[in-house]
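Residues per chain are reported as follows:
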Amino acid sequence: QVQLVESGGGLVQAGGSLRLSCAASGRTFSNYAMGWFRQAPGKEREFVAAISMNGLTTAYADSVKGRFTISRDNAKNTVYLQMNSLKPEDTAIYYCAANRLGGTYYRNSKDYDYWGRGTQVTVSS
């Protein structure tokens, strides 16, 4: 099993930046494909970004492409989400997720086995 803890959320003005971190427990972090999802009030959870186990392949939702960057540091058991040019519509709880099959990236939340509790991101206009 792996436990995931997100951090780095907060309140930021539109146009600003935040960097989310997701720290994973366990010694097999490098075997997991990782993803970020978000859920806004009254909406379903949606895919944001994903990264392969070796960090060489990434994928993004169209709504964040060019503004967000996902990365990972397997030596630190951590995955990051750098968010630039934030918009009010980016306001949501952001969740980190892990897929134990590893390999490539996954866009579907049902493909993930472990989830963090989330971190709130609020973007004011």
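Going by the structure above, here's the rest.
Here the structure is a predicted model, which means the values were calculated and not measured. (Residues numbered from 1 in each chain as written. Predicted model: local features only at pLDDT ≥ 70, side-chain atom pairs only at ≥ 80, totals over all residues. Heavy atoms only, no water.)

Some details on unusual backbone geometry
For step 1, the next point in the chain: Positive phi outside glycine occurs at Asn 77, with the angle close to 55°.
For step 2, the next point in the chain: In this fold, Asn 77 is placed in the loop between strand E7 (68–73) and strand E8 (78–83).
For step 3, the next point in the chain: The exposure class of Asn 77 is buried, given its relative accessible area of 17%.
For step 4, the next point in the chain: The phi dihedral of Ser 85 is positive, around 50°, even though this residue is not glycine.
For step 5, the next point in the chain: Assignment of secondary structure puts Ser 85 in the loop between E8 and strand E9 (92–99).
For step 6, the next point in the chain: Ser 85 gets classed as partly exposed once you look at its relative accessible area, which sits at 42%. (Helix = DSSP H or I, 4+ residues; strand = E, 2+ residues; numbered from the N terminus. Buried < 20%, exposed > 50% of the residue type's maximum accessible area, 1.4 Å probe, protein only.)

Some points on the pairing of E9
Successive residues of a regular strand alternate their side chains across the two faces of the sheet.
For step 1, the next point in the chain: Taking burial as the measure, the 8 residues of E9 include 7 buried ones, the bulk of the element.
For step 2, the next point in the chain: One ladder, built from 7 bridges, connects strand E4 (residues 33–39) with E9; its direction is antiparallel. Counterpart to Gly 35 in the pairing with E9 is Ala 97. (Pairing = 2+ DSSP bridges.)

With respect to the state of the cysteines
For step 1, the next point in the chain: Summed over the entire model, instances satisfying the criterion amount to 1 disulfide.
For step 2, the next point in the chain: Disulfide pairing places Cys 22 opposite Cys 96 at an S-S distance of 2.1 Å. Measuring the twist about the S-S bond at about -80°, one finds the Cys 22-Cys 96 disulfide to be left-handed. Taken together, the positions of Cys 22 in strand E3 (residues 18–24) and Cys 96 in strand E9 put the pair 74 residues apart, joining distant regions of the chain. Just as Cys 22 is buried, Cys 96 falls in that class too. (Disulfide = S-S within 2.5 Å.)

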